[in-house]
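Coordinate analysis (summary)
Letter by letter, the chains look like this.
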Amino acid sequence: MKINALTIIIGSLLLIVFGSLVFFYQVGQTQIAMVTTFGKPTGDEIQPGLKMKWPWPIQKVQIFDNRIQDFEEKLEQTQTRDGQNLLIRVFVGWKIAKPTVFRERFAGSVSSAQDALERIVRTQKDAVVGRHTFSNFISTDPKQLQFTEMEKEIFDAVTPLAAENGIKLEILGIKKIGLPESITSKVLDRMKEERTRYSRKLLAEGESEAQKIRSSANAESEIIQAQARAKASGLRGQADAEASKSLTILNQNPELADFLM
């Protein structure tokens, strides 16, 4: 009896475990799932947790990694709007957003998806670079640089194209900019010329400002001196009047004058 009871318990546990494996599946925190019914996609499971399904061959579940994948584009040459060649490398972070579309486009292959996304990024990057001048990338004037604007332009252009393939673009940025050897010396000479011209401009502006300050100081000095002379003249006149008054009094009383002396 005891053996039969134990057998029943073990059998029941095995049945529960088997039933759990057949009728339920788990989506982890870093996972995303796609459900097919009779081989056709019928839904995506994005939220993690324990989910219910019909047993195979009715339904089948395919689990994908939902963490961010990243890659760096090769340092490739592209041309600016004014015909200058640049070497630019872009970095990208992406993840699977729609498993059904992703499986249809790439058969669930991350490497195939990355190759396709890299081609999209390269095309859109070349288009954006072609709308900007060389000085937007390399310049002695910080106001002409437009890295942030160009990164946003590439990101906005790639995002809808990636979404068509079940991919969500998380981050995109310009990691490195280089110059072909054939134009490096020319660029350096031009940057030196721009810096020299900028220095001369600053010196001219400084000299002009100094001249204004000197002129203002001279004008203010003349005003102060004129005011001082006028005040001194008034004080002398007042002193002369007081002296004349005292002299008149002393002339009227010689004895007092002798006494004071």
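For the structure, see preceding data.
Note that the structure is a prediction, hence the values are computed from the model and not measured.

Scoring rules and cut-offs
Residues numbered from 1 in each chain as written. Predicted model: local features only at pLDDT ≥ 70, side-chain atom pairs only at ≥ 80, totals over all residues. Heavy atoms only, no water. Helix = DSSP H or I, 4+ residues; strand = E, 2+ residues; numbered from the N terminus. Buried < 20%, exposed > 50% of the residue type's maximum accessible area, 1.4 Å probe, protein only. Contact = heavy atoms within 4.5 Å. Areas by Shrake-Rupley, 256 points an atom, 1.4 Å probe, with all protein chains shown as cover. Arc of directions from axis to C-beta. Salt bridge = Lys/Arg side-chain N within 4 Å of Asp/Glu carboxyl O. Phe/Tyr/Trp six-rings, centres within 6.5 Å; stacked < 30°, edge-to-face > 60°. Core = buried A, V, L, I, M, F, W, Y, C linked by side-chain atoms within 4.5 Å. Expected span 1.5 Å × (residues − 1).

Secondary structure assignment for the protein chain yields six helices and nine strands. In the protein chain, buried positions account for 25% of the 261 residues. A separation of at least 24 residues holds for 65% of the contacts in the protein chain among residues at least 6 apart in sequence. Total accessible area computed for the protein chain in this model is approximately 17,900 Å², and 58% of it derives from carbon and sulfur atoms.

Three or more residues of helix 2 (residues 99–106) are buried, namely Pro 99, Thr 100, Phe 102 and Phe 106. The arc that holds the buried residues of helix 2, viewed along the axis, is 165 degrees, so those residues lie on one side. Where helix 2 terminates, the next one or two residues include Ala 107, which has phi positive at roughly 55 degrees.

What follows deals with the pattern of salt bridges. Tallied over the full model, the rule gives 11 salt bridges. Notably, a salt bridge pairs Arg 122 with Glu 118, separated by 4.0 Å at the nearest N-O pair. Taken together, the residues Arg 122 and Glu 118, both in helix 3 (residues 110–129) and four residues apart, mark about one turn of the helix. With relative accessibility at 25%, the residue Arg 122 sits in the partly exposed group. Across the pair Glu 207 and Arg 214 runs a salt bridge, and its minimum N-O distance is 3.1 Å.

The full count for this structure, using the stated rule, is three aromatic pairs. Pairing Phe 64 with Phe 102 gives two aromatic rings, centres 5.8 Å apart and planes at 80 degrees, and the pair type is edge-to-face. Of this pair, Phe 64 sits in strand 5 (residues 59–65) while Phe 102 is found in helix 2, placing the two residues 38 residues apart along the sequence. For Phe 102, a relative accessible area of 0% puts it in the buried group. Each residue in the set Phe 64, Trp 94, Phe 102 and Phe 106 is aromatic and connected to the rest through ring pairs, giving one cluster.

Once that is clear, we can look at the nonpolar core. If you look at the biggest cluster of nonpolar residues, it comprises 30 residues, and the most contacted ones within it are Val 92, Trp 94, Phe 102, Leu 117, Val 158, Ile 167 and Leu 172. For this core, the element with the highest residue contribution is helix 3, accounting for seven residues.

In an α-helix there are 3.6 residues to a turn, and that puts residues three or four apart on one side. A rise of 1.5 Å per residue sets the reference length of helix 4 (residues 147–163), with its 17 residues, at 24 Å; its end C-alpha atoms lie 24 Å apart and thus fit the reference within 8%. Buried within helix 4 we find Met 150, Ile 154, Val 158 and Ala 162. Looking down the long axis of helix 4, one finds its buried residues gathered within 90 degrees of arc, a one-sided arrangement. Facing away from the buried side of helix 4 by more than 90 degrees, the exposed set consists of Thr 148 and Lys 152. As for helix 4, its buried residues are in contact with helix 3 and strand 9 (167–178).

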